[in-house]
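# Inside the fold
Single-letter residue listing:
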Amino acid sequence: MPVWFAFFLLSAATHAVVGYLAIRPRRVCPPDAHWTQKARLGWPFRQFGAVGPSAGAAMVMVVMRDHLADWWSVTILAWSVLMGSTVGLILATRGVKVLENRVVDWMLTLATSWIALNPTVILAYPVLALGLTRPWDPMTWAFGGVLILFSSGTLNPVTLGLGRRLGLVCPVTEPVVGMVRELSEELGMRPPKVLSIRVAAANAFALPKHRMILVTPMVERLLEPDLMKAILAHEMGHLAETETHGSIRILRASSPVVILLAIPLAGLLDWPLLPAATVVLYLVMLRRFHAWSSARETDADSFAGGTTGGPLKFARALERIHELGETPAVMGRKESTHPELVQRLAELGYTPEWSAPDPPSRARTMICTVSALLILVAVAVWWQVPTF
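In what follows, the accompanying structure is described. Since we're looking at a predicted model, the values are computed, not measured.

Conventions used here
- Residues numbered from 1 in each chain as written.
- Predicted model: local features only at pLDDT ≥ 70, side-chain atom pairs only at ≥ 80, totals over all residues.
- Heavy atoms only, no water.
- Helix = DSSP H or I, 4+ residues; strand = E, 2+ residues; numbered from the N terminus.
- Buried < 20%, exposed > 50% of the residue type's maximum accessible area, 1.4 Å probe, protein only.
- Expected span 1.5 Å × (residues − 1).
- Bend = angle between axes of the 7 residues up to and from the residue.
- Pairing = 2+ DSSP bridges.
- Axes fitted to C-alpha atoms, helices over the stretch in contact; angles between N-to-C directions.
- Contact = heavy atoms within 4.5 Å.

What follows covers unusual backbone geometry. The backbone phi angle of R211 is positive, close to 50 degrees, even though this residue is not glycine. Checked against the element boundaries, R211 lands in the loop between β3 (204–207) and β4 (212–215). Looking at R211, the relative accessible area reads 17%, which means it is buried. Unusually for a residue other than glycine, E326 sits at a positive phi of about 50 degrees.

To continue, consider the environment of R198. By secondary structure assignment, the location of R198 is in the loop between β2 (193–197) and β3. Accessibility expressed as a relative area gives 39% for R198, which makes it partly exposed. Note: C-alpha distance between R198 and G167 (31 residues apart in sequence) is 8.5 Å.

Relative to the 42 Å expected for 29 residues at 1.5 Å per residue, helix α2 (residues 35–63) spans 41 Å between its end C-alpha atoms, a close match to the ideal helical length. If you look at α2, its biggest bend is around 40 degrees, right at G42, and the proline P44 turns up within four residues after that.

The 4 strands are arranged β1-β2-β4-β3 in an open sheet whose pairing can be described as mixed. Sheet topology places β1 (169–171) and β3 at the edges, where each strand pairs with a single neighbour. This sheet shows a mean twist of 30 degrees between the axes of neighbouring strands, independent of strand direction. As paired elements, β2 and β4 share 4 bridges and run parallel to each other. Looking at β4, one finds that S196 is bridged to V215. Sheet strands in contact with helix α7 (residues 156–165) are β1, β2, β3 and β4, and its direction is about 85 degrees off that of β1.

Next comes the structure, spelled out in structure tokens:
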């Protein structure tokens, strides 16, 4: 059996079993339960699904770095682990419609849009594996340079163009275009470009560097028109940010790549502690960035509340988008890029009809993620994969 296929099957089986354990509380949740309860119970699985596949592939790369001949063998093995994990997550979510649909979309994301929209996920693995064994290899630094370009958003127009050719990105409907045009006239702003991006979430994103707003099909299809306009106003608030704010966002997005490049750089300079030092610096910067980002979200909330019929309308839109995406109203984290929903609603002067729920179980997420990683690492150590 080819090694890549063996790890595909292993990753699929591991994530199917562990994913089932992670999603079980959401599976047994009564159908008539409030959305805040469903979101709280389903969040550990979603976090496991977001972290487990990429972390598992990274750990396999580290363990088997001496047995991977070149960047192509690294990419094949990483892709096998990622695809296998997503197949396992799909199996784990059978019968839970909201999450099942989301994971099916993750499968398409792995198959296509990680190439078209976020190639950093795949490009990082050759830098990691080759950086540990062959830091002088030109391909290591070539991949690192491309990673910097992608993470900084420089190549967003290129990747989004490719995404349109693959059917992952498409124009929004005419009503949404009209809303953006109306908002632009009211605010005296140049109309941004608006695209629909196939991401399994209820959300909208702003790309200030390219004056672009991306909305997901779930929002475009299910959100009421007046609430959709309020969400678009929030994103236009981000587009109104200063160039300094944009530079800070680029620095934050590029920071993980800098940490990754510290691995081959440590080998070249014979500074073994360099990666650890960059990680410590990154964690310090991350804490500061979370506070800064949270403040920018509050500013954008105020911007939207002042331009779309008052803060209460935007508060209802914010509540509705969390309900559609089953995003917890309370996260239980002190530091995050976004304030918690209950905090944002309170600052907008809106009192929801529901009481604040308990935060999702972080222990369940941690246990499931660590369990999956231990299984993959144990098999990789036992097997010691030969060169492709």
